[in-house]
Amino acid sequence: MQQIYYQNNNQYFTGKLDSFNQLISNCQKCSLSKTRNNFVFGSGNPNAKIIFVGEAPGKHEDLTGSPFAGRSGKILDQNLSLINMTRKDIYICNVLKCRPPNNRDPLPSEVDECEPYLINQLYIIKPKLIVALGRVAACTILKTKEALKNLRNKIYKYGGIDLLVTYHPAALLRNPNLKKNVCDDFNLIYKKYIQ
Ligand code: SF4
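**Some remarks on the pairing of strand β2 (residues 50-54)**
Every regular strand shows the same layout, with side chains that alternate between the two sheet faces.
Phase 1: Taken across its 5 residues, β2 has 5 buried, putting it largely inside the fold.
Phase 2: Sheet topology note: the β2/strand β4 (residues 129-133) ladder contains 4 bridges and is parallel. Counted as the bridge partner of Val 53 is Ala 132 from β4.

**Things to note about the site of the ligand**
Phase 1: Surveying the vicinity of the ligand reveals the residues Cys 27, Lys 29, Cys 30, Leu 32, Ser 33, Arg 36, Phe 39, Lys 97, Cys 98, Glu 113, Cys 114 and Tyr 117.
Phase 2: Of all the elements in the fold, those that place two or more residues in the shell around the ligand are α2 (32-35) and α5 (108-125).
Phase 3: Of the residues forming the shell around the ligand, the biggest block, 3 residues, is contributed by α5.
Phase 4: Residue classes in the shell around the ligand are distributed as 7 nonpolar, 1 polar and 4 charged.

**Quick notes on the sheet that holds strand β3 (residues 91-94)**
Phase 1: Strands sit in the order β1-β3-β2-β4-β6-β5 across an open sheet of 6 strands; the sheet is mixed. Pairing within the sheet leaves two strands with one partner each, and these edge strands are β1 (43-44) and β5 (156-158).
Phase 2: Sheet strands in contact with helix α9 (residues 179-194) are β2, β4 and β6 (161-166), and its direction is about 160 degrees off that of β6.

About the thresholds
Residues numbered from 1 in each chain as written. Predicted model: local features only at pLDDT ≥ 70, side-chain atom pairs only at ≥ 80, totals over all residues. Heavy atoms only, no water. Buried < 20%, exposed > 50% of the residue type's maximum accessible area, 1.4 Å probe, protein only. Helix = DSSP H or I, 4+ residues; strand = E, 2+ residues; numbered from the N terminus. Pairing = 2+ DSSP bridges. Near = heavy atom within 4 Å. Nonpolar A, V, L, I, M, F, W, Y, C, P; charged D, E, K, R; others polar. Contact = heavy atoms within 4.5 Å. Axes fitted to C-alpha atoms, helices over the stretch in contact; angles between N-to-C directions.

Below, the structure is given as structure tokens:
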């Protein structure tokens, strides 16, 4: 696991996930703190073996404070049912904890400021698998510009933890033909990490 610089302290926060949420929920490290309605820390099982990571909160997430709300959240729930899981079994969060205006891609400077929080979440949860949802999340985490279709079906490491890449649920709303690929990805998750 790479070292993080949590509030310039050069140390991990090692307490409970809820306490970490409270500690950073008023973060002002980047300008997104000025435009957000809600800080979106993440939700789910603090002992999850699988953590799903998107790029950043969208409109509904910003309004509710919960990750993967709205229609893409419903698609995610359907995808989880493919592997006999619900949100109570997994943990879900984003690389950025605050919404970029108009859902633009995260800026590198924002990722630099916020990614240590994700790394610290992983340090506390200690999952067996990270699933990056969508090209932006995958490319941000893996520091690559590859197309998503070239990133699927491979196991990467992030902070020493296995990482797989699949489509963002919103991509299925735009293109239902991706459903087969997503089913294949979730089958891989099931066979390697659940079965
Ligand atoms: S996006 Fe991250 S670094 Fe920026 S204000 Fe929100 S929590 Fe802090």
